[in-house]
Amino acid sequence: MAPIANIPDSSFPRVVIIGGGFAGMRLALELSKKQFEVVLIDRNNFHQFQPLYYQVATAGLEPSSISFPMRKAFQKFKHTHFRMAEFLKACPEKNEIETSIGNVRYDYLVFAIGADTNYFGREDMIRAGLPMKSVGEALRIRNTILEHFERALNTDDPAEQSKLINIVIVGGGATGVELAGALSEMKRFVLPKDYPELDFSRMGIYLIEASERLLAAMSPKSSATVEKYLIKMGVNVHTSTKVLSFESNKVKTDKTPDISAEMVLWTAGISVPKVEGIDKAEVLRGGRLKVNRFNQLLPYENIFAIGDMALMTEPDYPNGHPQVAPPAIQQASLLASNLDKLVSGKKMKEFHYQHKGSMATVGRNRAVAELGKIHIRGFVAWAFWLFVHLMSIVGSKNRVFIFMNWMWNYLSYDQSLRLIIKPSKRKIS
């Protein structure tokens, strides 16, 4: 018999939540204020603010500024327990899950694992492309960028220098365009002061998108505005272009000449990791789990899925909701209320996504925002983007640190976090 995880019992119904992202964190916080025992399980002991990963990757923010300790969030709730563990398998017939710290019993189980990088079966990108789906991966990108510039100083070969300092971004969604804009500003304002010996006319920033326009989730007008911004900032934008291969430090596409580069940042897609033990559930495109309008994972009455991994159809969203934070947060809030109703024998409420708008920024004073029929761009959109993201950060201290960093960067045209941080190699004698 598998060991049982050491988690205190209570007289309240136990809700086990797998994943501490936007959906899992919101659900745990709201259930903690109700008559439930909450067990939150995540492989990390901190919540990560994904929309600002790109600023960690480009030395704009420290990783700790966009991370918040799980245990601090739940200090005031007696019947809420966090465990840092790996989810292994669901056992619906026993109302248990298997984890790396033992089996955990549940009355209600909620999957909020989120999504990971989708390489679409591309072995070359799995092997050599750099993803950005965690704080750790963002920090790895920062290290790699700075290491390449350090290496570029040690060669006089122009071709070798270009290969080291060129950066190719695959994927023209919000993450791709924000990365491209941030890297362009680094190239213009920051890196020439750190590396005056290098010729930055040799540095190319390439943004490659397979579809016909950037920001496919926004209007064509916003897409055109962002593309115009990026081109003016010196980014080489290639839409309707497919990456064929990345081998021997060369990126081959179906439209452009080969691009010499050691670094490819892969932001082209996301997929949901496979969940073991729920064989009766319907798995749809991208690994997403089909749920009903109450986020129930049919045919299991006491198992739910929310956020990126849940695919719920509505008339306006026949292919499921966007895999971004707002739908995840809204689903979590309604599920907290519905679980309360379920325990009380009341009728649950169906989910309807309230789309409040979309935003993307490519740098200082340059952004687009769509708020219903209102479309704004430029400084106003950029200021609105800053405000919304700042207010969404978990933790007052984090908000203060991020605001101070942004103001310093804005006034000084500089970033003070250009550190290469990696484990030291111990010599064993």
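For the structure, see preceding data.
Residues numbered from 1 in each chain as written. Predicted model: local features only at pLDDT ≥ 70, side-chain atom pairs only at ≥ 80, totals over all residues. Heavy atoms only, no water.

*Asks:* Let's hear about the sheet that holds strand β22 (residues 358-363): which residues, and what values?
*Replies:* Reading across from one edge, β22-β23-β24 is the order of the three strands in this open sheet, with antiparallel pairing throughout. Looking at which strands have only one partner, the edges of the open sheet turn out to be β22 and β24 (374-377). Within the sheet, the average angular offset between the axes of one strand and its neighbour, ignoring direction, is 5 degrees. One ladder, built from five bridges, connects β22 with strand β23 (residues 366-371); its direction is antiparallel. Opposite methionine 359, over in β23, you have alanine 369 as the bridge partner. Relative to the sheet, helix α8 (residues 220-232) contacts β22, β23 and β24, its axis offset from that of β23 by approximately 175 degrees. Against the sheet, helix α10 (residues 379-392) touches β22, β23 and β24, its axis set at about 110 degrees to β22. (Pairing = 2+ DSSP bridges. Helix = DSSP H or I, 4+ residues; strand = E, 2+ residues; numbered from the N terminus. Axes fitted to C-alpha atoms, helices over the stretch in contact; angles between N-to-C directions. Contact = heavy atoms within 4.5 Å.)

*Asks:* Describe the packing of helix α1 (residues 22-32) against helix α9 (residues 325-344), naming the residues involved and giving the relevant values.
*Replies:* Relative to each other, α1 and α9 sit at 30 degrees, their axes nearing to 8 Å. Considering the angle they form, α1 stands roughly parallel to α9. Here α1 and α9 pass one another in a crossing that is right-handed. Contacts between α1 and α9 pair Phe22, Ala23, Arg26, Leu27, Glu30 and Leu31 from the former with Ala325, Ala328, Ile329, Ala332, Ser333, Leu335, Ala336 and Leu339 from the latter. Class assignment for the residues of the contact of α1 with α9 results in 11 nonpolar, one polar and two charged. (Parallel < 35°, antiparallel > 145°, perpendicular 65-115°, else oblique. Left-handed = near helix turned anticlockwise from the far one by under 90°. Nonpolar A, V, L, I, M, F, W, Y, C, P; charged D, E, K, R; others polar.)

*Asks:* Hey, could you go over the pattern of salt bridges for me, with residue numbers and the actual values?
*Replies:* The final tally for this structure, using the stated rule, is 18 salt bridges. The closest approach of N and O atoms between aspartate 9 and arginine 14, which form a salt bridge, is 3.0 Å. Given a relative accessible area of 4%, arginine 14 falls into the buried group. The shortest N-O distance in the salt bridge between arginine 26 and glutamate 30 comes to 3.8 Å. Of the two residues, arginine 26 and glutamate 30 are both situated in helix α1; the distance of four residues between them amounts to about one turn of the helix. Of the residues examined, arginine 26 reaches a relative accessible area of 32% and is grouped as partly exposed. Residue classification places glutamate 30 among the partly exposed residues on the basis of a relative accessible area of 23%. Overlapping salt bridges, with partners in common, bring together Asp9, Arg14, Glu37, Arg105 and Asp107 in one network. (Salt bridge = Lys/Arg side-chain N within 4 Å of Asp/Glu carboxyl O. Buried < 20%, exposed > 50% of the residue type's maximum accessible area, 1.4 Å probe, protein only.)

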